[in-house]
Amino acid sequence: MKNSVYVSVVVFLLVFLSNIFFGSVRFDMSEIWSVLMGTSADDTVRYVIVESRLPQALTAMLSGAGLAVSGLLLQTVFHNPLAGPSVLGVTNGASLGVAIVMLLAGGASVVGDVLSGLSGQMLLFLAALAGALLVTALLVFISAVAANHLVLLIAGIMIGYLISSLITLFTYSASETAIQGYVLWGMGDFSLVSLQQIPWLAAAVTLPLIACLPLIKPLNALLLGERYAASLGYSVRSLHIRMLLVVGILCAVITAYCGPVSFLGLAVPHISRFVCRTDDFRTLFPTTIFFGATVAMLCNLACTAFTDQIIPLSAVTPLVGAPVVLYLFFRKR
């Protein structure tokens, strides 16, 4: 067990450093190392490393951790291995809020404010939060009346399709500049967060994760069934609401800052279970955070390090998530 922990930490550090040392712009290792040591006199290298690659790696790390925990909570709430922020429409709800702001409420001017000012970022965050919480509220209602979890899964997929249809209608009536801005945002990108915005993102992701810590024991009870959890004195409905609120906030924050990031929330919890060989949240929760951060940084590395142009994030994350989904189908027959 200790050896696997040490190996995981080493892999995490190597992936993080790879995000710093490798990118679409090539530099000598000595130049990058001098920047990290604070002895570099080259302003260009310092700007690329400190203002671009470092915040990009930190954004990927925080976003991956938040999305992975969101997927873990949704899979636990709905007892469905295919539950995830993107599959059940939570990410789509956040995207709908952002689409309303970008396409209907000012277009490119709002996008410019979002990328440069706190007020614009707050507007985008509130819109994404409203959209994500609206979908989570619908999921809570459907879960109360659905005959089984398969119905809930299909309902989540249908909600995603309905939201996509609404966004298409908004796009039809929006200006060309607004459409271009929304399309670029919709591709997903960990580079939209500046170094000055990292503390805000870190706080917005870390606080919900900390709020999950008191839920670890009730979540372990919930794994054995809702009746068992209720027999121990836990309010199952209250527990569901708290977890869905955490998921809504995390998805809203990450979607607002990085665009819709698919499959990480679905795939990483299963990777964590496969490695840990346990469903105990005392082990699974921190492991999921760790692997979420690592996998997201690997995706970011794949987007930036192997070509002179930056590959859209939405083209890379399915390469991680789709094989995991296929594995689940074949394993569960």
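Residues numbered from 1 in each chain as written. Predicted model: local features only at pLDDT ≥ 70, side-chain atom pairs only at ≥ 80, totals over all residues. Heavy atoms only, no water.

A few words on the pattern of salt bridges. Summed over all chains, the structure comprises 2 salt bridges. Arg-282 is the partner of Asp-280 in a salt bridge, and the nearest nitrogen-oxygen pair spans 2.7 Å. Judged by its relative accessible area of 61%, Arg-282 is exposed. (Salt bridge = Lys/Arg side-chain N within 4 Å of Asp/Glu carboxyl O. Buried < 20%, exposed > 50% of the residue type's maximum accessible area, 1.4 Å probe, protein only.)

This next bit is on the packing of helix α10 (residues 216-223) against helix α14 (residues 281-304). Helix packing geometry: the angle between the two helix axes and the distance between the axes. Running from N to C, α10 and α14 cross one another at 115 degrees; their axes reach a closest spacing of 9 Å. The angle between α10 and α14 falls in the class roughly perpendicular. For the pair α10 and α14, the contacting residues are Ile-216, Leu-219, Asn-220 and Leu-223 in the first and Phe-281, Arg-282 and Phe-285 in the second. Of the residues in the contact of α10 with α14, the class split is 5 nonpolar, 1 polar and 1 charged. (Axes fitted to C-alpha atoms, helices over the stretch in contact; angles between N-to-C directions. Helix = DSSP H or I, 4+ residues; strand = E, 2+ residues; numbered from the N terminus. Parallel < 35°, antiparallel > 145°, perpendicular 65-115°, else oblique. Contact = heavy atoms within 4.5 Å. Nonpolar A, V, L, I, M, F, W, Y, C, P; charged D, E, K, R; others polar.)

This part takes up the packing of aromatic side chains. Within this structure, the stated rule accounts for 4 aromatic pairs. Each ring, one from Phe-21 and one from Trp-33, has its centre 6.5 Å from the other, and the planes form 25 degrees; the classification is stacked. Taken together, the residues Phe-21 in helix α1 (residues 2-21) and Trp-33 in helix α2 (residues 29-37) connect sequence positions 12 residues apart. You can call Phe-21 buried: its relative accessible area is 13%. Among the aromatic residues, those joined into a ring-pair cluster are Phe-12, Phe-290 and Phe-291. Between Arg-277 and the ring centre of Phe-274, over which it is positioned, the NZ or CZ distance is 4.5 Å. (Phe/Tyr/Trp six-rings, centres within 6.5 Å; stacked < 30°, edge-to-face > 60°. Lys NZ or Arg CZ within 6 Å of the ring centre and 35° of its normal.)

It is worth spelling out the confidence of the model for the protein at this point. Keep in mind that low pLDDT regions are not for reading the predicted coordinates in detail. Across the protein, the average pLDDT comes to 82, with 90% of residues at or above 70. Taken element by element, the predicted model of the protein shows its lowest mean pLDDT in helix α5 (residues 108-116) (46) and its highest in helix α9 (residues 198-212) (92). Across residues 107-118, where pLDDT falls below 50, the model places 18 contacts with residues more than four positions away in sequence or in other chains. (pLDDT = per-residue confidence, 0-100.)

A cluster of nonpolar side chains, contributed by Leu-150, Ile-154, Ile-157, Met-158 and Tyr-161, occupies part of the molecular surface with about 510 Å² of accessible area. With respect to the helices and strands, Ile-154 occurs in helix α7 (residues 149-173). (Patch = residues over 30% accessible without salt bridge, like charges linked within 9 Å, V, L, I, M, F, W, Y side chains within 5 Å. Areas by Shrake-Rupley, 256 points an atom, 1.4 Å probe, with all protein chains shown as cover.)

Attention shifts here to the environment of Leu-162. Along the chain, Leu-162 falls in helix α7. Put simply, Leu-162 and Gly-89 are 73 residues apart on the chain and 9.6 Å apart in space, counted from C-alpha to C-alpha.

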